[in-house]
Amino acid sequence: MIVILMGVCGCGKTTIAQLLSDKVGWPIAEADDYHTPENKAKMARGIPLEDQDRLPWLLALHQVIQRWLDEGSSGIITCSSLKKIYREIILNGNVGAEDFAEDKNPSRINGAAFPPQNVKFVYLKGDKETIAQRMQMRTGHFMPPSLVESQFQTLEEPTEDENCIIMDIAEPPDRIVEKIIHSFDNIGTVT
Ligand SMILES: Nc1ncnc2c1ncn2[C@@H]1O[C@H](COP(=O)(O)OP(=O)(O)OP(=O)(O)O)[C@@H](O)[C@H]1O
Ligand SMILES: O=C(O)[C@H](O)[C@@H](O)[C@H](O)[C@H](O)CO
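Under an unreviewed UniProt entry, the chain has the name Probable gluconokinase and belongs to Lingula anatina. For the record of the chain, the UniProt heading Sequence similarities (unreviewed entry) holds the text "Belongs to the gluconokinase GntK/GntV family." What the UniProt record of the chain gives under Catalytic activity (unreviewed entry) is the line "D-gluconate + ATP = 6-phospho-D-gluconate + ADP + H(+)".

Rendered as C-alpha cells:
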C-alpha cells in the first residue's frame, strides 16, 4: 500500500506522515526533499510555484511510487498534489505529463482506472483560517504563511472518481492516523 498525504501547505502532511510511519513502519518520501533549490527559494520569497516549476518535482515523486510498486513495498508520500492533473502525473508519470503539456482532459489518460487500488490519496482537509493560524505558529520552515491564499486558489479538491479518503484536520493527529489505518480496509467509507 502506498499512501499519498495531500493538501495545501500547513494542512499537516508531515505531521501525519511521521505518526503514521511510526505506527505502520513504512518509509516516508517527504516531497519537500524532492524540490529543486530554485523552487524552494522561490517559495521562501513568497512567490507561488507554477505548473512548469512543479512538473519535474511531480515526475520525481512518480518515480518513487513506481520504485515502491516494482519492489512490492509500502510507503508514505507527503505531497500537496493540489490539482487533479498533478495527481494524474504522480500516478502515471510521463503519460500524465504529456497530457499536462497538451492540456488534454486528464480523465481520459490511457482509459486507465484512476487511481490504482494500492495507491491511495488521503486529503487533509481544513479551512483557510485554521491552516493560516497553524502556519503562523510553525517555525523553521521555508514556506511562508503568505502563500496559503495561493495554495487555496490552486487547490482542486479530489473528486469522487479519485476514490480519495478525506480527513478533517480539526481532529487531533492521533485520531486522523487511526482513521487512515482503519480506512485501509474500508476505503471510501471514512470521512
Ligand atoms: N491535526 C492537527 N491538529 C493540530 N495541529 C496540527 C495538526 N496537524 C498538524 N498540525 C500542526 O500544524 C503545523 C503544520 O503541519 P505540517 O508541517 O505537518 O504541515 P504540512 O502539510 O507538512 O506543511 P507543508 O506543506 O508546508 O510542508 C505544524 O506546526 C503541526 O504541528
Ligand atoms: O506549491 C506546492 O505545490 C506545495 O506547496 C509544495 O510545493 C510545497 O512543497 C509544500 O506544500 C510546502 O512545504
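Here we take up the pairing of strand β5 (residues 165–168). Along β5, the buried face is formed by Ile165 and Met167; none of Ile166 and Asp168, which line the opposite face, is buried. The pairing of strand β4 (residues 119–125) with β5 spans 4 bridges and is parallel. Bridge pairing in β5 places Val122 opposite Ile165.

The next thing to look at is the site of ligand 2. For ligand 2, the full set of nearby residues is Cys9, Ala31, Asp32, His35, Leu49, Arg54, Ser80, Leu82, Met143 and Gln151. For the shell around ligand 2, the per-class residue count stands at 5 nonpolar, 3 polar and 2 charged.

Another point: the site of ligand 1. Close contacts around ligand 1 come from 19 residues, with Cys9, Gly12, Lys13, Thr14 and Thr15 the closest. For the shell around ligand 1, the secondary structure elements donating two or more residues are α1 (13–24), α6 (128–137) and α8 (173–183). With 3 residues, α1 is the largest single contributor of residues to the shell around ligand 1.

Quick look at α8 now. All buried positions along α8 are accounted for by Ile176, Val177 and Ile180. Down the axis, α8 shows its buried residues gathered within 100 degrees of arc, on one side only. Exposed and oriented more than 90 degrees from the buried face of α8 are Asp174, Arg175 and His182. Here the buried face of α8 lies against β1 (2–6), α1, β4 and β5.

So, on to the pairing of strand β3 (residues 75–78). Side chains Gly75 and Ile77 of β3 all project onto a buried face; the interleaved residues Ile76 and Thr78 project onto the opposite face, where all are buried too. In terms of strand pairing, β1 meets β3 through 4 bridges, oriented parallel. Residue pairing in the sheet places Ile2 in a bridge with Gly75 of β3. Bridge analysis of strand β2 (residues 28–30) against β3 gives 3 bridges, and the strand direction is parallel. Its bridge partner being in β3, Ile28 is matched across the sheet by Ile76.

This paragraph deals with unusual backbone geometry. With phi around 45 degrees, Ser81 is a residue other than glycine that occupies positive phi space. As for its placement among the helices and strands, Ser81 is situated in the loop between β3 and α4 (84–92). When the 29 C-beta atoms within 10 Å are taken as the criterion, Ser81 is described as buried.

As a further point, take the confidence of the model for the chain. With 85% of its residues at a pLDDT of 70 or more, the chain shows a mean pLDDT of 88. Confidence drops under pLDDT 50 across residues 105–113; counting only partners more than four residues distant or on other chains, this segment forms 12 contacts. What the predictor reports for the complex is a pTM of 0.90 with an ipTM of 0.96.

Analysis parameters
Residues numbered from 1 in each chain as written. Chains lettered and ligands numbered in written order. Predicted model: local features only at pLDDT ≥ 70, side-chain atom pairs only at ≥ 80, totals over all residues. UniProt positions renumbered as here; feature names shortened; annotations may be inferred. Buried ≥ 20, exposed ≤ 12 C-beta atoms within 10 Å, placed from the backbone. Helix = DSSP H or I, 4+ residues; strand = E, 2+ residues; numbered from the N terminus. Pairing = 2+ DSSP bridges. Near = placed C-beta within 6 Å. Nonpolar A, V, L, I, M, F, W, Y, C, P; charged D, E, K, R; others polar. Arc of directions from axis to C-beta. Contact = placed C-beta atoms within 7 Å. pLDDT = per-residue confidence, 0-100.

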